[in-house]
Amino acid sequence: MAHRQRTPASPDDRADKTCASCGRRIEWRAKWADNWDAVKYCSAACRSHGVNSTDLRLEEAIVTLLDARAQDATICPSDAARAIGGEEWRDLMEPARRAARRMVARGALQITQGGSVVDPSTAKGPIRLRRPR
């Protein structure tokens, strides 16, 4: 049986996208060629999770913590997790990192490692959050 040939989307049609849930870059896939404009999530897990009230509170906590510090200061995502989660803050570490990645996608934040701005989709290990410069 012959496979249906899709016309590949031109690079102009493949605008960079970030996942609405986790903030990571969405890689273009041929199976999404017909509805690339409608793709909002990078995976089924992100689609089912979405953005909940805790995620929004973490984003607010990041903004509040940065506002309370010097203009060139940085914070750790754990600071926001501690502000929201209290004793259970460790469970909020990945949601705090997701919130930071979403804020980077909007241009409201930068993620750094060793003082240098890094790509939030590929950053591994300890990160710091700062206002855009």
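Here, the structure is the one placed above.
Here is a short report on the structure shown in this document.

Rules behind the numbers
Residues numbered from 1 in each chain as written. Predicted model: local features only at pLDDT ≥ 70, side-chain atom pairs only at ≥ 80, totals over all residues. Heavy atoms only, no water. Helix = DSSP H or I, 4+ residues; strand = E, 2+ residues; numbered from the N terminus. Core = buried A, V, L, I, M, F, W, Y, C linked by side-chain atoms within 4.5 Å. Buried < 20%, exposed > 50% of the residue type's maximum accessible area, 1.4 Å probe, protein only. Contact = heavy atoms within 4.5 Å. Pairing = 2+ DSSP bridges.

Within the fold, Gly-114 resides in the loop between β4 (110–113) and β5 (116–117). Considered as a pair, Gly-114 and Pro-126 are twelve residues apart in the sequence and their alpha carbons are 9.1 Å apart.

Membership of the largest hydrophobic core comes to 16 residues, with the highest contact counts inside it found for Ile-62, Ile-75, Ala-80, Ala-100, Leu-109 and Leu-129. The element that contributes the greatest number of residues to this core is helix α2 (residues 53–67), accounting for five residues. Not counting residues up to four positions away in its chain, the partners in contact with Leu-109 are Ile-62, Leu-66, Ala-100, Met-103, Val-104, Leu-129, Arg-130 and Pro-132. One finds Cys-22, Val-39, Cys-42 and Cys-46 within the second-largest nonpolar core, a separate group that totals nine residues.

This paragraph deals with the environment of Ser-78. Following the sequence through the fold, Ser-78 ends up in helix α3 (residues 77–85). Distance in space between the C-alpha atoms of Ser-78 and Trp-89 is 7.5 Å, their sequence separation being eleven residues. Look past the residues within four positions of Ser-78 in its chain and what remains in contact with it is Trp-89 and Met-93.

The strand order β3-β6-β4-β5 describes an open sheet built from four strands, whose pairing is antiparallel. Of all strands in the sheet, those bounded by a partner on one side alone are β3 (74–75) and β5. Where β3 meets strand β6 (residues 128–130), two bridges bridge the pair, whose relative direction is antiparallel. Pairing of Thr-74 across the sheet is with Arg-130, part of β6.

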